[in-house]
Amino acid sequence: PFTLTKAQMRGVDEILNDISKPNSMSRLVQGDVGSGKTIVAALALAAITKSGAQAALMAPTSILAEQHYKSICSVLTCIPDLNLGGDDAPCIRLLLGSTSDAERTEIASGLQDGSINILIGTHALIQDSVKFSNLALAVVDEQHRFGVEQRSALRGKGNEPHLMVMTATPIPRSLALTLYGDLDLSIIDELPPGRRPVET
């Protein structure tokens, strides 16, 4: 229900251009708190699911994962032309450390038969029991709070899926990866109108 900023549109265009290529995307999306990185990620998730593949978003805490789940569900249900499995919206599930065994079993089944399009969660996503049928995009939020092996474990859930990492806290490693060409960089350098200044 709002217009994207020019910076968000630029980031979405860069991502859509990347995922249209035969080789895997590796992109860092950097932007201050409140700049709208989540909507950029949501549109990338939508593009992947519209193509019939699966996507995952991993966040470092349960609270942040739940926030992403609620906001992404809200956004993607507003896109009626996704038409996945005859429904108007993709099937999105949340997986946390506290998720019950019964629900874990249900999620595992849905991932393997492809009925779950997007899985959002914490480190629980990289457990051995989580197996995707066709993971094409792995998104990692606050990437600096995960180790190299944890990010690699999520990407290893698919066959060289696209990788998108997001951060509001650029650190030397992230900048070095960008400089050395391992990650392309999208900068969301514009706050949506009406946002109050953020002090960090």
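Please read all numbers here as calculations on a predicted model, not as lab measurements.

Caption draft 1: Structural view of the packing of helix H1 (residues 6–19) against helix H2 (residues 37–50). Viewed as axis vectors pointing N to C, H1 and H2 meet at an angle of 30 degrees, and their least axial separation amounts to 10 Å. One way to sum up the angle between H1 and H2 is to call them roughly parallel. H2 is crossed by H1, and the crossing has right-handed handedness. Each of Gln8, Gly11, Val12, Ile15, Leu16 and Ile19 in H1 lies in contact with H2, whose residues at this interface are Ile39, Val40, Leu43, Ala44, Ala47 and Ile48.

Caption draft 2: Representation of the sheet that holds strand S3 (residues 92–95). Taking strand neighbours across the sheet as the criterion, the 7 strands line up as S3-S4-S2-S5-S6-S1-S7 in an open arrangement whose pairing is parallel. The open sheet has two edge strands, S3 and strand S7 (184–188), and neither has a second partner. When the angles between neighbouring strand axes are averaged without regard to direction, this sheet yields 20 degrees. Of the pairings in the sheet, the one linking strand S2 (residues 54–58) to strand S4 (residues 118–121) comprises 4 bridges and is parallel in character. Pairing of Leu57 across the sheet is with Ile120, part of S4. In the packing of H1 onto the sheet, contacts are made with strand S1 (26–31), strand S6 (162–167) and S7, and the angle to S7 comes to roughly 155 degrees. The sheet contacts of helix H3 (residues 62–76) involve S2, S3, S4 and strand S5 (135–141), and relative to S3 the element is tilted by about 175 degrees.

Caption draft 3: The nonpolar core, seen in detail. Ile15, Leu45, Ile72, Leu76, Leu137, Val139 and Met164 are the most contacted members of the largest nonpolar core, which has 34 residues in total. Among the secondary structure elements, those contributing two or more residues to this core are H1, H2, S2, H3, S3, S4, S5 and S6. Looking at this core element by element, the count peaks at 8 residues for H2. Sequence-distant contacts of Met164, that is, excluding residues within four places in its chain, are made with Ile15, Met25, Arg27, Val29, Val40, Ala41, Ala44, Leu137, Ala138, Val139 and Val140. In terms of nonpolar packing, the next biggest core, distinct from the first, is built from 21 residues, Leu95, Ile116, Phe132 and Val140 among them.

Caption draft 4: Looking closely at unusual backbone geometry. Here the phi dihedral of Glu160 falls at roughly 55 degrees; this positive angle occurs in a residue that is not glycine. Classification of Glu160 by relative accessible area gives exposed; the value is 57%.

Caption draft 5: Up close: the pairing of S3. A two-sided burial pattern is seen for S3, the buried positions comprising Ile92 and Leu94 on one face and Arg93 and Leu95 on the other. The sheet contact formed by S3 and S4 spans 4 bridges and is parallel. When the sheet's bridge partners are listed, Leu94 is paired in S4 with Ile120. Since S3 and S4 lie parallel, the crossover through helix H4 (residues 101–113) that links them has a hand, and here it is right-handed.

Cut-offs and rules
- Residues numbered from 1 in each chain as written.
- Predicted model: local features only at pLDDT ≥ 70, side-chain atom pairs only at ≥ 80, totals over all residues.
- Heavy atoms only, no water.
- Axes fitted to C-alpha atoms, helices over the stretch in contact; angles between N-to-C directions.
- Helix = DSSP H or I, 4+ residues; strand = E, 2+ residues; numbered from the N terminus.
- Parallel < 35°, antiparallel > 145°, perpendicular 65-115°, else oblique.
- Left-handed = near helix turned anticlockwise from the far one by under 90°.
- Contact = heavy atoms within 4.5 Å.
- Pairing = 2+ DSSP bridges.
- Core = buried A, V, L, I, M, F, W, Y, C linked by side-chain atoms within 4.5 Å.
- Buried < 20%, exposed > 50% of the residue type's maximum accessible area, 1.4 Å probe, protein only.
- Right-handed = clockwise from strand over helix to strand, strands pointing away.

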